[in-house]
Structure formats: structure tokens, C-alpha cells
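# Structural overview
Chain by chain, the residues:
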Amino acid sequence: MDRTAQLIARPAEYAVVYDPPGPPGPPQLGAPAPGTPHLAALRRRAASVLAGNWTGTSTVPSPGLYPHQWSWDSAFIAIGLRHVSPRRAQTELETLLAAQWGDGRIPHIVFNPSVPLDAYFPSPDFWRSSTAGRAAGAPRTVQTSGIVQPPVHALAAWLVHCADPGLSRARGFLSRVYPRLAAWHRYLLHRRDLGGGGLVSVVHPWEQGMDNAPSWDAPLSRVTPAPARSFRRADLDHGAPEDRPTDLDYGRYVRLATEYRDGGYRDGGVRDSAYGEGGARDGAHGDGRVRDGGHLDGRPWDEWKRDGRPQGGREQGGRDEDSGPQDGRKPDGWEPGGGYEDASGAGGRGGVGGAEFAVEDPAFNALLIASEHALARIAYELGATGTARHARAERLTAALVERLWDPAEGMFFCRDLRGGDPDPGRRPLTGALVPERGVSGLVPLLLPGLPREVAAALVGTLRGPHFGLGTTTRLAPSYDLLGEAFDPHRYWRGPAWFNTSWLLERGLRLHGDQAGADALRGAVLDIADTSDFAEYVDPYTGEACGATGFSWTAALTLDLLHDDTTSGTGVMAGPGIPAGTGITALKGGDRG
């Protein structure tokens, strides 16, 4: 049986342990795991970091180095913040989603207008979102960047809801964020399948979040760097140059971002061109609304339910048609607004995004899959079935294994769509796998639908000589310890990061390695403490690198402190999902 068949043959159960169960009784928000008073002190310090970095509506990653709101940072921050203040965690995500573009994209930076322009580069006057992004429905009242970051947001929203379901329901939290999250996923699946193989592509290294990872070296080598005199790097005012991306890297980042901006932030792909000659189309309006189920005009789910009722049909060819009433529940695929998700695409002219740099990345796609599972649970909570989204997540998992898995190396690799393909007009694009071992290739371990042999091989690679977890390193390095480009201090070219360690801890626990997950959890808590919640650390020594008092480090410390990992497998039914449905739910489970 081939890998795709194995995935399809799995029973329709989604056992996920993103959030281990707590003790019986009412939730004890903010309670650390059983342990010494030292852990309680660590929790207080972590909560203090988040309080100090809170602006009133969102949390900055670091006041000096990153003084605005970053997309995937806010998702990870909300996951930890829910244990201190579920209301603030909801606000964190709501603030980010309020800056969503009309085409569905969530920008990777939402700029704070009170911060001086020269405090961070690229600044709002570089991105020019309200003018260059007008056709894509960029918001008019807030300045943002024009690129994206990994889609952790639906997972974060579900976990935040589960921290205090009563508060979430009273505020209508899920009913307000669901249409925006659905539009976000639709943007990625429709506009960013640049290779035609079913996976999402990034069009800039900053989008994947691991800015200067060696996996980008070959794709970036085709990009002519912007002259060094054409920009000023504010990051070097706050970090050691030897810990940061090089000037050559930055020149290429700036060139790619400039060309994407000057092309109106258009995306060119085989499924759908983002805009036609007349500006925004296929549901994207210049006033910030998205039709066909992704309305962004602020109306909650209950109002959209009154707009119309689905009328019969079935899921066909990737388009979620109405399958009729099922025990009084709305079929999944029906979206608020009386419409359906359209995953077929309309074809169209090529765009600017991805013309020079287009890469299918395993971590980006794995996080989309995890969030698609979470979005299914949100849909169920709101009255839909959730089954079509789970099925889509399984199809994406099959595509991930088919296109990015290398069984000989025991890990996933990036696919450079613009490299090594003699026929760039062929679909799907073959491109070439990038032979660099990065932590991105291990992140799919958090997926419940992986074939068993794939999960086992990933664990073996994680513990083997290239990453050394549990032997030569306590936290997984961001890059191959034996690779020529390895540098234990330079950003994503070797240091260990706390968000990837959190994802790997979840994955180890999901696939039954409780001892390994416990050891990694302990290492994260210890090194977060001794490094003063560093941005990233030397994977051998735990020495702090980058900023300290870093928000996602503090937030994920809080999340791991809250876990009660002694109470079973960590699989339990989520709120509102009865037994017998065939779904075992989550319990809540660089930025550039």
C-alpha cells in the first residue's frame, strides 16, 4: 500500500494532543504543573514578560527589536496568554485579524502608528500597504506589511476558546473569528498553490518565519540583492551582527519584497490569479470584504446563519457543496453568508508573487494542516459538521508526504519550485528538493495523520546525529549540526528556538513518546528560565541569543507549565463534541 493509500485508509478519527488534559473540575487558569515553588516563580516571571510587552490591544515580541505586532508571534502568544487572561488572548487574535486584507491574507506585521518609522525596517513607508495593496483589499485604517507568516491562528483560536468556553461563547469569539480564519485558509489554498501539487508556497523567506535558514540559500541565489545603501537595518541597533542575517541576505529580502510590492502584491499560481485586469476579483473587494463565505465586514456567525440555508448537493472535486441536513447540523463547507468554499480556482494570468522565489515548505504546510483540523472543531462548535475540513487536512497531509518526504533521509525537505525543473510550464511543477536539513522538516511530527513509519523516522532523525536531541543537544537546533552552514548563534542557521521546541514536544506526545516529550518539556522550561526567556539559544550550551524577555518564549513557557502530563494520554473530547461522533477532539490542544 502506498503512502497516500495509507492516509486515506485511516479511520475517521482525529486524536490530537496539542493540549493535554487537566485535572477534573473547573479549570484552574494559570496553574503550573505539579512541582516545586521554583515553577510557580517561573510562571510569575513569564506572566510579567507578557504584561510588560502588552500594548493594550496586542503583545509585541520584543519592545526594542520587534516593536509592532507579528502574525505567528501573536498566535503563539495567545496560546500561552490564555492561561493568564483568556480575554487578553482573545483580544490578541482579534486585533491581528482586524488587519486582515480583503483577499483573505493575514499580514505578517501590523504596525503601531505610535512607533517611529526608523525604529524598525522595513517600516510602513516601505510596504505602502494602503496604496500598493489597494487592489487586494488592504485595510485603509491601519498600516501592515504585504506578506504573510505561518497559519497557526485557527489552532490558537481553538485553544484560546477552550481555556474559557463560557467567556468565549458569551463574547461570540469563535463566531466572529471563524469567517476570517476561513478566508485566510482559502487565500492560502487558492492563491498560493503555485506548484499545482496541492501545497501552499511561500514567496519570501520571511513568510516561512525562519528567515535566514540554509534551505533558502539556493532559491535566494537567483535574486539580485538590493544595494546596501538603499536601506538601513534597524535590527543591528538591538542585536549582535554575528547573530543576525548578513547584509547580503537582507539585500535579497529587500529586493523580493520590493518587487512583490511594486506588483501590487499579486500572487501567480496555477489555481487562481489573485486579481484580474479590473482589480480585486473572486470575492476580494477593495472595501475589505470577501464574499463566498469569507465576509470580513464584522457580522458574527449568527447573523450569517439567517442569510440563507444550504440546499442539497455533495462535495465534488474539492468544492464543498451542501450535502443536506445531517442531524440538524449545517454541512461543513457551508460558510457564513449562505455560500460555500470554492476550492476549484478560476485559472488566470500569472502574477508577481513567486516569480523568482516560490518554495513549498514542510513546516508552513504542517501548521496549515493542524489549523485546518482546529478550524473543523471551531466549525463544529458553531453548528457545522467539521468533517469536510478534517478530510481536507488529510488530503493535505497526503500531498505533504508525496511532495516533500524523503524516506532515505527520514525527514521532510523544502521544494524549490523555480529550481531544477526543465519544464516550468508543466503542472504540477517538479522543481527540486532542497538538500538542507532544517527543523522545518521535523515540524510535521505534530500531525495526527502521518503514516506510522514516517512519524517513527522523524523521531529517529530528531534524536540522530544531525539534531542530537537528548544526547548532544537539549533543544533541537534549527539546522543540521553536521551541515556546512551550521552556526550555533546566527538566527535560523543553528540556534534552538522555543516555538519549534514546543511544536516538537506536542508531536512527540501525540505519537506516544511520553518520555521524550517530558524530557523536552523539562528542557524548555529550564532553558527559558536560565536564558531569561531568550529569543533563541545556543543549542549546545543554552546561552541566550537575540533579545531576552521574548514574548513567545514566555507564552509557551506558561503553556508547558500549565500542562498536567501525568493524567493520561492527553486525548479528550473538546467542548461541544459528543461521544460517538468519530472525532476525538483537541481539548484546547523572523519576523522580517
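Residues numbered from 1 in each chain as written. Predicted model: local features only at pLDDT ≥ 70, side-chain atom pairs only at ≥ 80, totals over all residues. Heavy atoms only, no water.

## Some words on empty space enclosed by the protein
Heads up, the condition is: Any residue with an atom within 4 Å of a point lines the site, the site being either a cavity, points on a 1 Å grid over the protein atoms alone where a 1.4 Å probe fits but cannot get out, or a pocket, an open set with protein on both sides within 12 Å along at least 5 of 7 lines. Grid points are joined across faces, edges and corners, and a volume is the space filled by probe spheres set on the points. Residue classes follow a fixed rule: Ala, Val, Leu, Ile, Met, Phe, Trp, Tyr, Cys and Pro count as nonpolar, while Asp, Glu, Lys and Arg count as charged, and any other residue, Gly among them, counts as polar.
Of the pockets and cavities examined, the largest cavity occupies roughly 50 Å³. Every residue along the wall of the largest cavity is listed here: Gln 208, Met 210, Ala 213, Ser 215, Trp 216, Asp 361, Cys 414, Gly 438, Val 439, Ser 440 and Ser 478. Residue classes in the lining of the largest cavity are distributed as five nonpolar, five polar and one charged. Lining the second largest cavity are Ser 215, Pro 362, Phe 412, Phe 413, Cys 414, Glu 436, Gly 438, Ser 440 and Gly 441. Here the lining of the second largest cavity is built from residues that sort into four nonpolar, four polar and one charged.

## Focus: helix α9 (residues 173–191)
Note the cut-off: Strands here mean DSSP runs of E at least two residues long; helices mean DSSP runs of H or I at least four residues long; both are numbered from the N terminus. Each residue after the first adds 1.5 Å to the expected span of a helix. Relative accessibility thresholds used throughout: buried, under 20% of the residue-type maximum; exposed, over 50%; partly exposed, between the two (1.4 Å probe, protein chains only).
End to end, α9 covers 27 Å across 19 residues, agreeing with the expected 27 Å (1.5 Å per residue, within 8%). Most of α9 sits inside the fold, with 18 of its 19 residues counted as buried.

## Side note on the sheet that holds strand β3 (residues 201–202)
Using the following cut-off: We call two strands paired when DSSP finds no fewer than two bridges between them.
Ordered in space as β3-β8-β11-β12, the four strands form an open sheet in which the pairing is antiparallel. Either end of the sheet is taken by a strand with one partner, and the two such strands are β3 and β12 (432–433). When β3 meets strand β8 (residues 359–360), the two strands line up antiparallel, connected through two bridges. Its bridge partner lying in β8, Ser 201 is registered against Glu 360.

## Quick notes on the packing of aromatic side chains
Worth spelling out the cut-off: Note on ring pairs: Phe, Tyr and Trp rings are taken, using the six-membered ring of Trp, and paired if centres are within 6.5 Å. Classes follow the plane angle, with under 30 degrees stacked, over 60 edge-to-face and the rest tilted. A positively charged side chain is recorded as over a ring if its NZ (Lys) or CZ (Arg) lies within 6 Å of the ring centre. The angle to the ring normal must also be within 35 degrees.
Under the defined criterion, the tally for this structure stands at 26 aromatic pairs. For the ring pair Trp 184 and Tyr 187, a centre distance of 6.4 Å and an interplane angle of 10 degrees mean the geometry is stacked. Residue Trp 184 and its partner Tyr 187 are both found in helix α9; the two are separated by three residues, about one turn of the helix. Per residue, the accessibility class of Trp 184 equals that of Tyr 187, and both read buried. Aromatic rings pair up to connect Tyr 66, Trp 70, Trp 72, Phe 76, Tyr 120, Tyr 491, Trp 492, Trp 497, Trp 502, Tyr 536, Phe 550 and Trp 552 into one cluster. The ring of Trp 54 carries Arg 88 above its face, with NZ or CZ at 4.9 Å from the centroid. The ring centre of Phe 126 lies 5.0 Å from the NZ or CZ of Arg 261, which sits over that ring.

## A word on unusual backbone geometry
Note that the residue after Phe 121, namely Pro 122, is joined by a cis bond; omega there is 0 degrees. The backbone of Tyr 491 shows a phi angle near 50 degrees, a positive value even though the residue is not glycine. Within the fold, Tyr 491 resides in the loop between α16 (452–463) and β13 (496–497). Backbone geometry places Asp 532, a non-glycine residue, at a positive phi of 60 degrees. Tracing the chain through its elements places Asp 532 in the loop between α18 (514–530) and β14 (536–537).

## Some points on the sheet that holds β14
Strands sit in the order β13-β14-β15 across an open sheet of three strands; the sheet is antiparallel. Edge positions in the sheet fall to β13 and β15 (544–545), since each has one partner strand and no second.

## As for the confidence of the model for the protein
Quick reminder of the rule: Residue-level confidence of the predictor is what pLDDT reports, using numbers from 0 through 100. In what follows, residue pairs with any heavy atoms lying within 4.5 Å of each other are defined as contacts.
Across the protein, the average pLDDT comes to 80, with 72% of residues at or above 70. Low confidence marks residues 20–34, where pLDDT is under 50. Its contacts with residues over four positions away, or in another chain, come to 38 contacts.

## Comments concerning the packing of helix α7 (residues 153–163) against α9
Keep this limit in mind: Axis definition: a line fitted to C-alpha atoms, limited for helices to the stretch in contact. Angles are taken between N-to-C directions and run from 0 to 180 degrees. Each angle receives one of four descriptions, namely roughly parallel if under 35 degrees, roughly antiparallel if over 145, roughly perpendicular if within 65 to 115, and oblique otherwise. Note: crossing handedness is left-handed where the near helix turns anticlockwise from the far helix by less than a right angle, and right-handed where it turns clockwise.
Here α7 crosses α9 at 165 degrees, and the two axes come no closer than 10 Å. When the interaxial angle is binned, α7 and α9 end up roughly antiparallel. You can see that α7 and α9 cross each other, and the crossing is left-handed. Mapping the contact onto sequence places His 153, Ala 154, Ala 157, Trp 158, Val 160 and His 161 in α7 and Phe 173, Leu 174, Val 177, Leu 181, Trp 184 and His 185 in α9. Partitioned by chemical class, the residues of the contact of α7 with α9 number nine nonpolar, three polar and no charged.

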